[in-house]
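Summary of the model geometry
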There are 2 protein chains.
Amino acid sequence: MKHAVTYELLKSDSRTKARRGIVHTPHGDIQTPVFMPVGTQATVKAMRPEQVADMGANIILSNTYHLYLRPGHDIVKEAGGLHKFMNWDRAILTDSGGFQVFSLGKLRKITEEGVKFQSHIDGSRHMLTPEKAVEIQNALGSDIMMAFDECAPYPADRNYVKNSLERTTRWLKRCKDAHKDIERQSLFGIMQGGMYKDLRKQSAEEIVELDLPGYAIGGLSVGEPKELMLDVLDDCVDYLPQEKARYLMGVGTPDYLFEGVERGIDMFDCVLPTRIARHGLCMTSHGRVNIKNAKYERDFTPLDAECDCYTCRNYSKAYLRHLFKADEMLSAMLLSNHNIHFLLKMMENIRTAIEEDRFLEYKKEFYDKYGRF
Amino acid sequence: MKHAVTYELLKSDSRTKARRGIVHTPHGDIQTPVFMPVGTQATVKAMRPEQVADMGANIILSNTYHLYLRPGHDIVKEAGGLHKFMNWDRAILTDSGGFQVFSLGKLRKITEEGVKFQSHIDGSRHMLTPEKAVEIQNALGSDIMMAFDECAPYPADRNYVKNSLERTTRWLKRCKDAHKDIERQSLFGIMQGGMYKDLRKQSAEEIVELDLPGYAIGGLSVGEPKELMLDVLDDCVDYLPQEKARYLMGVGTPDYLFEGVERGIDMFDCVLPTRIARHGLCMTSHGRVNIKNAKYERDFTPLDAECDCYTCRNYSKAYLRHLFKADEMLSAMLLSNHNIHFLLKMMENIRTAIEEDRFLEYKKEFYDKYGRF
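The name given to chain A in an unreviewed UniProt entry is Queuine tRNA-ribosyltransferase, with Anaerotruncus colihominis as the source organism. For chain A, the Sequence similarities (unreviewed entry) comment in UniProt is given as "Belongs to the queuine tRNA-ribosyltransferase family." Heading Pathway (unreviewed entry) of the UniProt record for chain A holds this comment: "tRNA modification; tRNA-queuosine biosynthesis."

Residues and elements named next belong to chain B. Burial of the side chains of strand β13 (residues 245–248) extends over both faces: Ala245 and Tyr247 are buried on one face and Arg246 and Leu248 on the other. When strand β12 (residues 214–217) meets β13, the two strands line up parallel, connected through four bridges. Bridging across to β13, isoleucine 217 finds its partner in leucine 248. For the segment spanning β12, helix α9 (residues 226–238) and β13, crossover handedness is right-handed. Handedness of the β13-helix α10 (residues 254–262)-strand β14 (residues 267–270) crossover: right-handed.

Residue and element names in this part refer to chain A. The residues that UniProt annotates with the feature "active site" (unreviewed entry) are Asp95 and Asp269. A compact arrangement is adopted by the annotated residues: their sequence extent is 175 residues, whereas the largest C-alpha distance between any two is 10.6 Å. Looking at the secondary structure, you find aspartate 95 in the loop between β6 (91–94) and α5 (98–102). Judged by its relative accessible area of 9%, aspartate 95 is buried. Sequence-distant contacts of aspartate 95, defined by excluding residues within four places in its chain, comprise Ser62, Asn63, Thr64, Tyr65, Gln100, Gln137 and Met146. Looking at where aspartate 269 falls in the secondary structure, it is placed in strand β14 (residues 267–270). Look at aspartate 269 and you get buried, because its relative accessible area is 8%. Excluding residues that lie within four positions of it along the chain, aspartate 269 makes contacts with Phe35, Met36, Val38, Leu61, Tyr247, Leu248, Met249, Gly250, Val251 and Gly252.

This part covers the state of the cysteines. Here the structure, examined in full by the defined rule, presents zero disulfides over all chains. With no disulfide of its own, A:Cys309 has A:Cys307 as its nearest cysteine by sulfur position, at a separation of 3.6 Å.

Parameters and conventions
- Each chain has its residues counted from 1, following the order in which its sequence is written.
- Here every chain gets a letter starting at A, and every ligand a number starting at 1, in the order they are written.
- Confidence filtering applies because this is a predicted model: local features only for residues at pLDDT of at least 70, side-chain atom pairs given and counted only at 80 or more, and all residues used for totals across whole chains, interfaces and linings.
- To get the side-chain values, take all heavy atoms of the structure and skip hydrogens and water.
- UniProt positions are given in the numbering used here, feature names are shortened, and annotations may be inferred rather than shown by experiment.
- Residue exposure (1.4 Å probe, protein chains only): buried if accessible area is under 20% of the type maximum, exposed if over 50%, otherwise partly exposed.
- Helical segments are the DSSP runs of H or I of at least four residues, strand segments are the runs of E of at least two, and each set is numbered from the N terminus.
- Each pair of strands is called paired provided DSSP finds at least two bridges between the two strands.
- A right-handed crossover is one whose linking path, passing over the helix from the first strand to the second, runs clockwise when the strands point away from the viewer.
- Whether two residues are in contact is decided by their heavy atoms, any of which lying within 4.5 Å being enough.
- Criterion for a disulfide: a pair of cysteine sulfur atoms at a distance within 2.5 Å.

Structure below.
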């Protein structure tokens, strides 16, 4: 049987681990390295889906935990699946809900069976298990399903992390067993192991054994110093097979995207572009812009003179500042559009740079203009 | 000198006062009767401007009071005027700020000179006068400017209303004197007179005397019973000249639009379609829909099967309900789109019906399907 999702390597950078490839999915090809905008509740916030597609996004991420609680995966299934429900006919990756339920703190309890938790919406009691996470994602019908894992906190002691990653492997096996239709949807495994390189290696060996169509690196960018994160990440990638897609979960600032690509990552996701947009913050080719700043009151130039997005083609900073100050929805709509476009365009430039074997040059050029992170 | 805005009568209904015409403006022709979506703060809430245009809106309304306070009319002027500032190249009508400052209650004080008031944003003190209202609207550069008037409350005693309308006439003369460039922007006068028909007649005679390019009927739909409103409106129109556009201010429910058209009104505006959208309420060809209703949880049909708007073509009630419950901005975006489309389409149907001399038949047909108001 053919896996729903496969990875094709097109070109490797000559000086770094960066690589240019394609992730083939039932809903189209995804050129990698790729940034995946996040549509937590079956919508990329403040965007119409075709606006996201028109900017070049071929895959988005959506959240199992949220959709399970509201509207309920059974409703999404009845609607004909998540793609149809939300009017998005390109690829979708769903997380497993693991990260969200672990983030609930006191509202959850972990056992070998799974995680008992209380809904953040109404306090109702639920249990997520590997089997349930697969059942929900089967109902949603995403192209890429993520395994139900535990993302260990930082800092965490070695024993805790070792036990946690071993349980994550056992859960992964249960996910794999529970998932039947591998030609329709592909299950990705998730490597854990915290900041312990030998545990990362152990986790990688255990999950690679299962021969899944793709692997994610979880449990990074959870509060640890950037240098530590990059050092661990550097090793992680080496434990993963060349012929499978690699996904670094929850990472999305421009610098982390560059550093991730340099270390061989193919896929990234983050709520950053839409979240900061709602706070009036924008990424531009010359660094961050806070649209609330009084200096933009009479600035009739676009947010980013080098940007050709809808927002920059049609509106001035003075207007965008006015919208934000006046608490108008169009503010979040236009800034989200710009920020998503910015990251998608940056990734497109990264892909071209790898093709032309000038990834490091492009990285330096970008950093020089963008400024300090 | 030619007025910026002129009215052309195309056809009168044979059985009612309904009429089909064109309002010619420097930013294009407006087929009347017309509903004007409201963009209070230089944006039609939750909509990109070209989405409003694509649905067939050729004119929107914006608010002098709001734009004067934020971002300031000087900034809009520096930006190149309101059209350019907000990326809308079709016609704009601005109100005078009169209605808003009178609505401030204790925060304002009326004198012959004008109205002193405190900003609802920061409590700062300001004064609007006829000259100031014209100055602001000149800076905004709207196609149609409204005179600075007093909208008398309901109920109000005869003496109060008479004094008020006479001051409104004096203020109108001051507005006309203050407005110089009549080839670029046109000033419309506003009839007042409360619910007293003889005072309506007095007000009409005084303002028609000034030979302005258009006239509005103010001070209706301010809390009075519908029958009283329609009875007064019936008379009001008879006092206005055939060859000038007639605008009924702040009216926008479907029934009031039909009744207004039947009585000879050409122009209407209301925040209704976008405001109710943000509360999950929609107008459909079979009446109001409250998208929050539990019965739509698994309703995978569109909001309105007879509607061809973007929302109805692409989304189900179940999805729209989910978005509303999940507090997603896309909810207001999609429902606003639908509601504006609904009123624009209804007005288009009304125009066609007048052309085909079957206005009353269309009205009955609409009411029969839409249900009780």
